[in-house]
Amino acid sequence: MQNDSIDTLLLRHYGSAAPAPADLEQHVSALVRQESAEVQARQQASSKWNQRRVSRRRVLQLMTFSGAGLGALAVGINALQGGPKKPAYAL
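Just so it is clear, the structure is predicted and the values come from calculations on it, not from any experiment. (Residues numbered from 1 in each chain as written. Predicted model: local features only at pLDDT ≥ 70, side-chain atom pairs only at ≥ 80, totals over all residues. Heavy atoms only, no water.)

J.: Help me out: how do you make sense of the overall build of the chain in this one?
T.: Helices and strands together make up the secondary structure of the chain, namely four helices and zero strands. The helix and strand sequence of the chain, counted from the amino end, reads α-α-α-α. The buried share among the 91 residues of the chain stands at 2%. Carbon and sulfur atoms make up 59% of the accessible area of the chain, which totals about 8900 Å². (Helix = DSSP H or I, 4+ residues; strand = E, 2+ residues; numbered from the N terminus. Buried < 20%, exposed > 50% of the residue type's maximum accessible area, 1.4 Å probe, protein only. Areas by Shrake-Rupley, 256 points an atom, 1.4 Å probe, with all protein chains shown as cover.)

Set out below in structure tokens:
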């Protein structure tokens, strides 16, 4: 198919005598308003995070308590407590 508009595709498929779906315009306008509101909310959240100052302490906290940070912390604690000795290449 080419880049035909939705009107052209509907006319080609149903012809000019086909009835329009009930409340089509209201439904489409409601969907457009909803999507616009969602995009605006995402943009506001993004700009809020971009304008927010984050301290080095907070960044360190986020890194430490993330999944990878917790894994590294567990390995470090295990090493300090004298956990089981395994070669570095063992699984």
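J.: Sorry if this is basic, but what is going on with a nonpolar patch on the surface here?
T.: Taken together, Trp-49, Val-54, Val-59 and Met-63 make up a surface patch of nonpolar side chains, about 410 Å² in accessible area. Mapped onto the fold, Val-54 is located in the loop between helix H2 (24-51) and helix H3 (56-64). (Patch = residues over 30% accessible without salt bridge, like charges linked within 9 Å, V, L, I, M, F, W, Y side chains within 5 Å. Salt bridge = Lys/Arg side-chain N within 4 Å of Asp/Glu carboxyl O.)

J.: Can you walk me through the confidence of the model for the chain in this structure?
T.: Averaged over all residues, the pLDDT of the chain equals 77, while 80% of them reach at least 70. Looking at the elements of the chain, mean pLDDT is at its lowest for helix H4 (residues 67-80), recorded as 70, and at its highest for H2, recorded as 87. (pLDDT = per-residue confidence, 0-100.)

J.: Explain unusual backbone geometry here, please?
T.: Generally, phi is negative for residues other than glycine and the peptide bonds are trans, each holding for most cases. We note that Asp-23 has phi near 55°; this positive angle belongs to a residue other than glycine. With a relative accessible area of 55%, Asp-23 lands in the exposed category.

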